[in-house]
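# Descriptive analysis of the structure
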Amino acid sequence: MKCIAVYTNSFELFSDIFEQVINTPLADNEEKVIEGVTVSESGEVPQNYIDKMKTKTEVVVMKVKESDITILQHRDVFEIFLPEKEKVVMS
């Protein structure tokens, strides 16, 4: 799964920019600033990393069921995990 890191601890701010983040094309390891928040394309992440993080008590797990997106929040970062099919950005 492709991982996009969003560096904020504000759920409200994250929610406000979520759609813009997932619709912004990013190259491997590229960083951009969206509405004052640093967003980074973190490359491919194995499923076992996601499974391990889900078991930690300090990690909040969210799902966007209609698109099979998983979001983990821990410390000051939200990690958005996009399945292969979500990589394509429609114009």
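The coordinates are above.
Within each chain, residues carry numbers counting from 1 in the order of the written sequence. Under the rules for a predicted model, residues below a pLDDT of 70 receive no local features and side-chain atom pairs below 80 are neither given nor counted, while totals for whole chains, interfaces and linings still include all residues. The side-chain values count all of the structure's non-hydrogen atoms but skip hydrogen atoms and water molecules.

Turning our attention to the sheet that holds strand β3 (residues 37-44). Read across the sheet, six strands follow the order β2-β3-β1-β6-β5-β4 without closing on themselves; strand pairing throughout is antiparallel. Every other strand in the sheet has two partners, leaving β2 (31-34) and β4 (60-64) as the edge strands with one partner each. Strand-to-strand twist in this sheet, taken as the mean axis angle between neighbours without regard to direction, amounts to 25 degrees. Here five bridges tie strand β5 (residues 69-74) to strand β6 (residues 77-82), and the two strands are oriented antiparallel to one another. Across the sheet, residue Q73 finds its bridge partner in β6, namely F78. Residues count as neighbours in contact if any of their non-hydrogen atoms are within 4.5 Å of one another. Fitted lines through C-alpha atoms give the axes, limited to the stretch in contact for helices. The angle between two N-to-C directions lies from 0 to 180 degrees. Runs of H or I in DSSP of at least four residues are treated as helices and runs of E of at least two as strands, each being numbered from the N terminus. Set on the sheet, helix α1 (residues 11-22) makes contact with β1 (2-7), β2, β3, β4, β5 and β6; between it and β6 the angle comes to about 30 degrees. The rule for pairing is simple: two strands pair if DSSP sees at least two bridges between them.

It is worth spelling out the packing of aromatic side chains at this point. Stacked, edge-to-face and tilted labels apply to pairs of Phe, Tyr and Trp rings (six-membered ring for Trp) whose centres lie within 6.5 Å, assigned for plane angles under 30 degrees, over 60, and everything in between, in that order. Tallying each qualifying case throughout the model produces four aromatic pairs. Their ring planes at 45 degrees and their centres at 6.4 Å tell us that F11 and F78 sit as a pair that is tilted. Of the two residues, F11 sits in helix α1 while F78 sits in strand β6, which places them 67 residues apart along the sequence. Partly exposed residues are those whose accessible area sits between 20% and 50% of the maximum for their type, while under 20% is buried and over 50% is exposed, using a 1.4 Å probe and protein chains only. Judged by its relative accessible area of 0%, F78 falls in the buried class. Ring centres 5.7 Å apart and planes at 55 degrees place the aromatic pair F14 and F18 in the tilted group. Here F18 and F14 lie together in helix α1, a separation of four residues that amounts to about one turn. Across this residue pair, the class does not change: F14 and F18 are buried. Through a chain of ring-to-ring contacts, the aromatic side chains of F11, F14, F18 and F78 assemble into a single cluster.

Turning to the pairing of β1, a few remarks are in order. The side chains of a regular strand alternate between the sheet's two faces. Burial analysis of β1 places five of its six residues in the buried class, the great majority of the element. Sheet topology places β1 next to β3; five bridges connect them, and they run antiparallel. Paired with I4 across the strands is E41, a residue of β3. Judged from the five bridges that link them, β1 and β6 form a sheet pairing that is antiparallel.

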